Amino acid sequence: MKVSITTIKIGNLRVDYAIPLVAEALGMDDDDIKVKSLAETIHRKTEGNPFFMLMFLMSLRDEKLLEYNFGAMKWTWDDDAVNSKIVTENVASVLVNKMNRLQEETQIMLMVASCLGANFRKSVVVEVMKNISQAEMRGSMRSSSSVSLLSSDLSNSYTERAYETSIEEFEEEGLCEVDDDECRFMHDQIQSAAFELISPEQRDSFRGRIGSILLRSLPPEELEASLFEVAGLLNCAASNITDEERDELAGMNLKAGIRASENAAFDTAKVYFKAGHDALGSRGWEGDYRTMLDLCNHGANACFVSGDFDSISELIEEVLSKDIDTKEKYR
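Bringing the packing of aromatic side chains into the picture now. Inspection of the entire model under this criterion finds seven aromatic pairs. With a centroid separation of 5.7 Å and 65° between ring planes, the pair formed by F51 and F52 is classed as edge-to-face. Given a relative accessible area of 19%, F51 falls into the buried group. Plain terms: the ring middles of Y68 and W75 are 5.5 Å apart, the flat faces sit at 75° to each other, and that makes the pair edge-to-face.

Put into structure tokens, the structure is as follows:
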């Protein structure tokens, strides 16, 4: 049966469509000269991306460059001040500045959520928050972010209601869409801006810490459902873990790689098999070498299917060079 697929490309708005968008957002006429001027200025900066246009408008409101005049019953602004801001700021800086104005607890939850992906579960973010200390957060926040954190450990002082308040702020500020426990960032730029709240020097260790918390605290069925995410987070900090943790991490990567292969995601599977292989290193062939052998065998298969023949040769040569049972080498 033939299936007809039609691709509809949705591009940015032309300036003549951007003007009505801004006018409607402000509740004003689209033939108003000031509205046209504001819309054209924002359009030039955002190239007509409707999401970014609305983000700029919200940023102007947040910084009180755009205010509602109850006497005139309409929004008012100073063109020169607005133009100055729009000229000096890009979309990324607008989003980062917006997040820096949020409650500090909300910033912290955004930092955690940004490490979990474009889609994340509210319960997982809360679980991390319950197991992370004020000192860790202070050490992980970028210096430009709010650093006057709560006076006691977040794990002790952060109430269930505070979690809900922060999630509500996510939604009210247009940063995330929330559907019961499921959440998603409204745009990949928002996730990137939230990640920017984390100090660059601490990003790998921060993600590794989140992965470690989830590994120890999630119930088995939830850990199974979050296998890819947890393995990915732990891989970020693989250079600073013990040998016992390396063994555990290698096993998780093996499991994740096999699952990815079963879903025909062979390029993704290669990443996990290689991460497991690197976690074990040369000591993986000492003692019980079955995990290392499985990583090499499954890795070679994933490389073959994806056409990475150079890596296949390296893996085969590595296995053949080891002093292990011949049957194991050719299984």
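In this fold, K122 is placed in helix α7 (residues 122-130). Here D180 takes part through its backbone oxygen, which lies 3.2 Å from a polar atom of the side chain of K122. Those residues in contact with K122 that lie beyond four places of it in its chain are E164, I167, D180, D181 and C183.

With that out of the way, let us pick up the sheet that holds strand β5 (residues 182-185). The strand order β3-β5-β4 describes an open sheet built from three strands, whose pairing is antiparallel. What marks the edges here is a single partner per strand, and that holds for β3 (119-121) and β4 (176-179). The mean inter-strand angle of the sheet, taken between neighbouring strand axes irrespective of direction, is 25°. For β3 and β5, the ladder comprises three bridges, and the chain directions are antiparallel. Each residue of the ladder has a partner; that of F120, found in β5, is C183. Against the sheet, α7 makes contact with β3 and β5, and its axis sits at roughly 65° relative to β3, the strand it touches most.

Cut-offs applied
- Residues numbered from 1 in each chain as written.
- Predicted model: local features only at pLDDT ≥ 70, side-chain atom pairs only at ≥ 80, totals over all residues.
- Heavy atoms only, no water.
- Phe/Tyr/Trp six-rings, centres within 6.5 Å; stacked < 30°, edge-to-face > 60°.
- Buried < 20%, exposed > 50% of the residue type's maximum accessible area, 1.4 Å probe, protein only.
- Helix = DSSP H or I, 4+ residues; strand = E, 2+ residues; numbered from the N terminus.
- Polar contact = N/O pair within 3.5 Å; in protein donor to acceptor, adjacent residues only side chain to side chain.
- Contact = heavy atoms within 4.5 Å.
- Pairing = 2+ DSSP bridges.
- Axes fitted to C-alpha atoms, helices over the stretch in contact; angles between N-to-C directions.

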